[in-house]
Amino acid sequence: MSVMVARKKVVRKWEKLPGRNTFCCDGRIMMARQKGIFYLTLFLILGTCALFFAFECRYLAVQLSPAIPVFAAVLFLFAMATLLRTSFSDPGVIPRALPDEAAFIEMEIEATNGTVPQGQRPPPRIKNFQINNQIVKLKYCYTCKIFRPPRASHCSICDNCVERFDHHCPWVGNCVGKRNYRYFYLFILSLSLLTIYIFTFNIVYVALKSLKIGFLNTLKETPGTYPSTSLTVLTVLEVLICFFTLWSVVGLTGFHTFLVALNQTTNEDIKGSWTGKNRVQNPYSHGNIVKNCCEVLCGPLPPSVLDRRGILQQEENTAQEESCPRGPSAQDPTVAQGPGGHAEESSAQQKGGSVPAPSLSDAEMPEEKQLTSGELPVPSQDAGQAEH
């Protein structure tokens, strides 16, 4: 006998999320698909710091102070922690509308705008929203089928709407939005300090060595444990990396410090949202640098609305063969013996149904009882005796 068994297959919600993101560790890590430049960022930070700790720190700790490598290690760990926190977190992705919600929004838009004559361009789908006595326009996203919240924007690389969208940063391999902007800012700030620190003490190292054995001899110096590698060549390589990194990272940190002080995003600054021809004031700014910094960097962090690790259960029907003994009652229809000793088949069994146990005997059955559709009358005992 074949029995259909329904098994529930556990599927996490991150497996069905639209967009172009990559998920790891069962949905705990969320990144963009383009991660090549992120790996380059890791290589430059890890490589430069490894050379600094392996060569210069040992000499400077003896000659100057053992606090030099300790402080460098603190900056390095803090920069790596904020980088990974920025890269592996949900930046504030807004879920797309469900089919029913999208259909309802479309009906509202059609009811508001009316039918558009053929050949004419439909009006822009915009809702007005008031913030601090100022009108802010909410734009409709044709991909996500939603009216985006204030300051949200659709990232073309990740194909998602991100709340308080700042920009997509390939160096961290993720979008920068409401849920990870503070970690991004702390990352570039700590990386700037680390770059300046390594750059400064590399120059101090070369200067100290040059005072003892001369600059030319310092350039020719080769450690005995590394006969094929010039120590100063590695130092010069570190100086070059730090020099070119210094301008970009420190400049980026200064720019975002300016944005944090004004409570503004990179996307708003590029579009000129609050400095355009209309001279519209930023409704999100408190007019105070300290309050703006506290809101952006110290305010409560909103939870993720994606529920990436939520469970979607899908049923799978599988056929399972079971062998069980079949008695006479399972092979033959129910057989009842009449009062005369003759075998009579139940009318309900002939129709493929089960025989219910009567609550009243045939003699007590009232004659005026009406038969329901599909039932056949069962002969009483008196009738059976009359036939014989």
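Quick caveat, the model's predicted, so the values are computed rather than measured. (Residues numbered from 1 in each chain as written. Predicted model: local features only at pLDDT ≥ 70, side-chain atom pairs only at ≥ 80, totals over all residues. Heavy atoms only, no water.)

Concerning the sheet that holds strand 8 (residues 153-155)
Phase 1 of the analysis: With antiparallel pairing, 3 strands are arranged side by side in an open sheet as 4-9-8. Two strands bound the open sheet, and with one partner strand each, they are strand 4 (93-94) and strand 8.
Phase 2 of the analysis: Of the pairings in the sheet, the one linking strand 8 to strand 9 (residues 160-162) comprises 3 bridges and is antiparallel in character. Following the sheet pairing, Cys155 is matched in strand 9 by Asn160. (Pairing = 2+ DSSP bridges. Helix = DSSP H or I, 4+ residues; strand = E, 2+ residues; numbered from the N terminus.)

What to know about helix 1 (residues 36-63)
Phase 1 of the analysis: In this model, helix 1 (28 residues) spans 40 Å end to end at C-alpha, consistent with the 40 Å of a helix rising 1.5 Å per residue.
Phase 2 of the analysis: Its axis deflected by about 45° at Glu56, helix 1 carries its strongest bend there.
Phase 3 of the analysis: Buried residues of helix 1: Phe38, Thr41, Leu42, Ile45, Thr48, Cys49, Phe52, Phe55, Glu56, Cys57, Tyr59 and Leu60, and no others. (Expected span 1.5 Å × (residues − 1). Bend = angle between axes of the 7 residues up to and from the residue. Buried < 20%, exposed > 50% of the residue type's maximum accessible area, 1.4 Å probe, protein only.)

Here's the deal with unusual backbone geometry
Phase 1 of the analysis: Non-glycine residue Arg151 carries a positive phi angle of around 75°.
Phase 2 of the analysis: Structurally, the position occupied by Arg151 is in the loop between strand 7 (146-147) and strand 8.
Phase 3 of the analysis: By relative accessible area, which is 15% here, Arg151 ends up buried.
Phase 4 of the analysis: Positive phi outside glycine occurs at Arg164, with the angle close to 45°.
Phase 5 of the analysis: Considering the arrangement of structural elements, one finds Arg164 in the loop between strand 9 and strand 10 (167-169).

With respect to the sheet that holds strand 5 (residues 126-131)
Phase 1 of the analysis: One open sheet accounts for 3 strands, arranged 5-6-7; its pairing is antiparallel. At either margin of the open sheet sits one strand with a lone partner, and together these are strand 5 and strand 7.
Phase 2 of the analysis: The sheet contact formed by strand 5 and strand 6 (residues 134-141) spans 6 bridges and is antiparallel. Across the sheet, Ile131 pairs through a bridge with Gln134, a residue of strand 6.

Some details on the packing of aromatic side chains
Phase 1 of the analysis: For the structure on display, the rule yields 14 aromatic pairs.
Phase 2 of the analysis: For the ring pair Tyr140 and Phe147, a centre distance of 5.2 Å and an interplane angle of 65° mean the geometry is edge-to-face.
Phase 3 of the analysis: Residue Tyr140 is classed as buried on the basis of its relative accessible area, which comes to 5%.
Phase 4 of the analysis: When the ring of Phe243 is compared with that of Trp247, the centres are 6.0 Å apart and the planes differ by 85°; the resulting orientation is edge-to-face. (Phe/Tyr/Trp six-rings, centres within 6.5 Å; stacked < 30°, edge-to-face > 60°.)

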